Amino acid sequence: MTQASKKSSQQAAKKMLRALNGETLESPPVWLMRQAGRYLPEYRELRRKAAGFLDLCYTPDYAVEVTLQPIRRFGFDAAILFSDILVVPHALGQKVWFEEGAGPRLDALQEPGDLARLSRAGLHDTLAPVYETLRRLSRELPPETTLIGFAGAPWTVASYMLEGGSSKDFAAGKRWAYGDPAAMQRLIDLLVDATGDYLVAQIDAGAEAVQIFDSWAGVWPEAHLRRWCLAPAKALVARVKAERPGVPVIVFPRGAGLLYEVYADECGADALGLDTTVPLGWARQALQPKVCLQGNLDPLLLVAGGTSLREGVEEILRFLAGGPFVFNLGHGIVPQTPPEHVAEMLAQIRAWRG
Ligand code: 1CP
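Residues numbered from 1 in each chain as written. Predicted model: local features only at pLDDT ≥ 70, side-chain atom pairs only at ≥ 80, totals over all residues. Heavy atoms only, no water.

Each helix and strand counted, the chain has 16 helices and 9 strands in total. Computed over C-alpha atoms, the radius of gyration of the chain comes to 19 Å, within 12% of the 20 Å expected from 2.2 N^0.38 for 354 residues, which places it in the range of a compact globule. Projected onto the principal axes, the alpha-carbon positions of the chain cover approximately 55 × 45 × 45 Å. For the chain, long-range pairs separated by at least 24 residues make up 73% of all intrachain contacts whose partners lie at least 6 apart in sequence. Charged side chains in the chain number 37 positive and 40 negative. The centres of these two groups are separated by 2 Å. (Helix = DSSP H or I, 4+ residues; strand = E, 2+ residues; numbered from the N terminus. Rg over C-alpha atoms; globule rule 2.2 N^0.38 Å. Contact = heavy atoms within 4.5 Å. Lys, Arg positive; Asp, Glu negative; His and termini not counted. Charge placed at Lys NZ, Arg CZ, Asp CG, Glu CD.)

Written out as C-alpha cells, the structure reads:
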C-alpha cells in the first residue's frame, strides 16, 4: 500500500468521515457545536491566562490545548478547531475585540465607502497561527478523531461587521441589503472570496472536513435568504469542491425552515446542520435521502438533564440514525451546561444500535 492510500484508508475508517460520505452507521458519530468553551472548568482556567479571547485564538499553544480539552474528557468523534468566526473580519482589517460579558465588538462599517478599509492582502499572515494550530492538531489528535475546520457564512459574519456586534433585529444588515443591495453584494462577495481562501488554507493545514456556520440565516424573507445566504453557501461549497475535492463540507443554515429543502437540493453540501426547530419526521423524509444530516438536540435539554434529555436524545436517534447522520446540538452548547450531562448523553448515543 502506498503512503497516500494508507492515509486515505485510515481516514475513510473515521466514523465522522464515513457518515459525511453518506454511510449509515450502527451508532452515529457525535460532536457538539462549541464543544470547547466556558462550560468546561479547564477552559475557564486557561482563558484566565490568555490576554484576551483573540489571544487565545491566535496562540497555537492555547488553541491546540483548548481544542483537545473536550476530546480528552469525552472522546468525541470530531474535534473542531478552536477559533472564532470573527477572525475573518479581523484579518480583513476591521477592529475586533471581545468584552467580558458583552460578547464580540467591532468598529461597525457605517457606509459603503468603509468597504475600502477592508483588504484580503493580509489575510493569510494574520491567520497563520490558526493554520499552525491545525497542523499541530492533525499530529496530536487520536487517529479515530476527525479534525473539523470552520468559518462563518458571509451573511452571519457581515451581520457582525455591520452591527458592530450581536444584534436582535439585524437592522443595519437589512438597511444595507434593502437600501443599497449593490453595496451589500460587494461585502458578501468579498467575504465569499476571503472565506474561500481561508477554508482552502485550513484544509491544507490539516482540516479533514469544514463547517460553514450561518447562525443568522433565519432572519430573512425567502428571496433575501436565497440571495444573501444560499447563493454564498453554494459558491463556497463549489470553491472547496473545485480546489480540494473529496473534503466534506457541512452547511448550517440555522433557521432556514422549509428552505432547508432548497439547501439540500442546491447548495452542494455533503451534510446539513439542522437547528433545534426542524421537525425530525420531515427531515428524515424530505432531506436525508439527499444529504447527511447533523443535529439537532436543543442545547437547553443538555442543561436540564434527566428524563427530558434522555427522551430528546432517543427521539433524534429513532428518527435520524437510520440514515447518514451525525449527532450534534441544534445550536452551540451553553456555558451553564453540566459536563456530567454531556457524558450521560454520550453513553446513550454510544449504546444505540440502529
Ligand atoms: O471565553 C469567552 O468568553 C468567549 C466565548 C467564545 C467561544 C468559546 C466566543 C466568543 N467564541 C468561542 C469559540 C467559537 N465560536 C468556536 C470554537 C470551537 C467550538 O465549537 O468548540 C466556534 C465554532 C465559534 C463560532 C461562532 N462564533 C459562531 C457560530 C456558531 C454559533 O454559535 O452560532 C458565532 C455566531 C460566533 C460569534 C461569537 N463569538 C463569541 C461569542 C460569544 C459569539 C456569539 C455572539 C452572539 O450570540 O451574537
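Once that is clear, we can look at the side chain of Ser159. Locating Ser159 in the fold gives a position in helix 8 (residues 154-163). Accessibility expressed as a relative area gives 1% for Ser159, which makes it buried. Look past the residues within four positions of Ser159 in its chain and what remains in contact with it is Gly165, Phe170 and Trp216. (Buried < 20%, exposed > 50% of the residue type's maximum accessible area, 1.4 Å probe, protein only.)

We now examine the packing of helix 13 (residues 280-287) against helix 15 (residues 306-320). Packing of helix 13 against helix 15 brings their axes to within 9 Å, and their N-to-C directions diverge by 20°. It follows that helix 13 is roughly parallel to helix 15 by the angle criterion. As helix 13 runs across helix 15, the sense of the crossing is right-handed. Here Leu280, Gly281, Ala283 and Arg284 of helix 13 come into contact with helix 15, specifically with Glu315, Ile316, Arg318, Phe319 and Leu320. In terms of residue class, the contact of helix 13 with helix 15 is built from 5 nonpolar, 1 polar and 3 charged. (Axes fitted to C-alpha atoms, helices over the stretch in contact; angles between N-to-C directions. Parallel < 35°, antiparallel > 145°, perpendicular 65-115°, else oblique. Left-handed = near helix turned anticlockwise from the far one by under 90°. Nonpolar A, V, L, I, M, F, W, Y, C, P; charged D, E, K, R; others polar.)

A residue-level look at the chain finds 97% of positions with pLDDT of 70 or above and a mean pLDDT of 96. Per-element confidence in the chain is highest for strand 7 (residues 271-273), whose mean pLDDT is 99, and lowest for helix 1 (residues 3-13), whose mean pLDDT is 56. (pLDDT = per-residue confidence, 0-100.)

Looking now at helix 9 (residues 171-179). Three or more residues of helix 9 are buried, namely Ala172, Gly173, Trp176 and Ala177. Summarising the axial view, the buried residues of helix 9 lie within an arc of 130°, below the 170-degree limit, and thus occupy one face. Exposed residues pointing more than 90 degrees away from the buried face of helix 9 are listed as Arg175 and Gly179. Summarising the contacts, the buried residues of helix 9 are in contact with helix 8, helix 10 (181-204) and helix 11 (222-243). (Arc of directions from axis to C-beta.)

Next up on the list: the site of the ligand. Around the ligand, a shell composed of 23 residues is seen, among which Arg34, Tyr43, Tyr160, Ser166 and Ser215 lie nearest. Side-chain polar atom of Arg47 to an oxygen atom of the ligand: 2.6 Å apart, as the coordinates give it. In the environment of the ligand, an oxygen atom lies 2.6 Å from a nitrogen or oxygen atom belonging to the side chain of Ser166. Burial of the ligand by the protein amounts to 89% of the accessible area it has alone, namely 890 Å². In the shell around the ligand, the residues fall into 14 nonpolar, 5 polar and 4 charged. (Near = heavy atom within 4 Å. Polar contact = N/O pair within 3.5 Å; in protein donor to acceptor, adjacent residues only side chain to side chain. Areas by Shrake-Rupley, 256 points an atom, 1.4 Å probe, with all protein chains shown as cover.)

With respect to topology, 7 strands assemble into an open sheet ordered 1-4-5-6-7-8-9, the strand pairing being parallel. Of all the strands in the sheet, just strand 1 (78-80) and strand 9 (325-329) have a single pairing partner and so form its edges. Strand-to-strand, the axes of this sheet are offset by a mean angle of 25°, without reference to chain direction. Relative to strand 6 (residues 249-253), strand 5 (residues 209-214) runs parallel, the two sharing 5 bridges. Directly across from Asp214, in strand 6, lies its bridge partner Pro253. Sheet contacts for helix 11: strand 5 and strand 6; angle to strand 6, the most-contacted strand, approximately 170°. (Pairing = 2+ DSSP bridges.)

Enumeration according to the criterion identifies 23 salt bridges in this entry. Of the charged contacts in the structure, one is a salt bridge between Glu132 and Arg135, with a shortest N-O distance of 3.3 Å. Placement of both Glu132 and Arg135 in helix 7 (residues 123-140) is noted, with a separation of 3 residues, approximately one turn of the helix. Residues joined by salt bridges that share partners form a network here, namely Arg120, Asp193, Asp197, Arg239 and Glu243. (Salt bridge = Lys/Arg side-chain N within 4 Å of Asp/Glu carboxyl O.)

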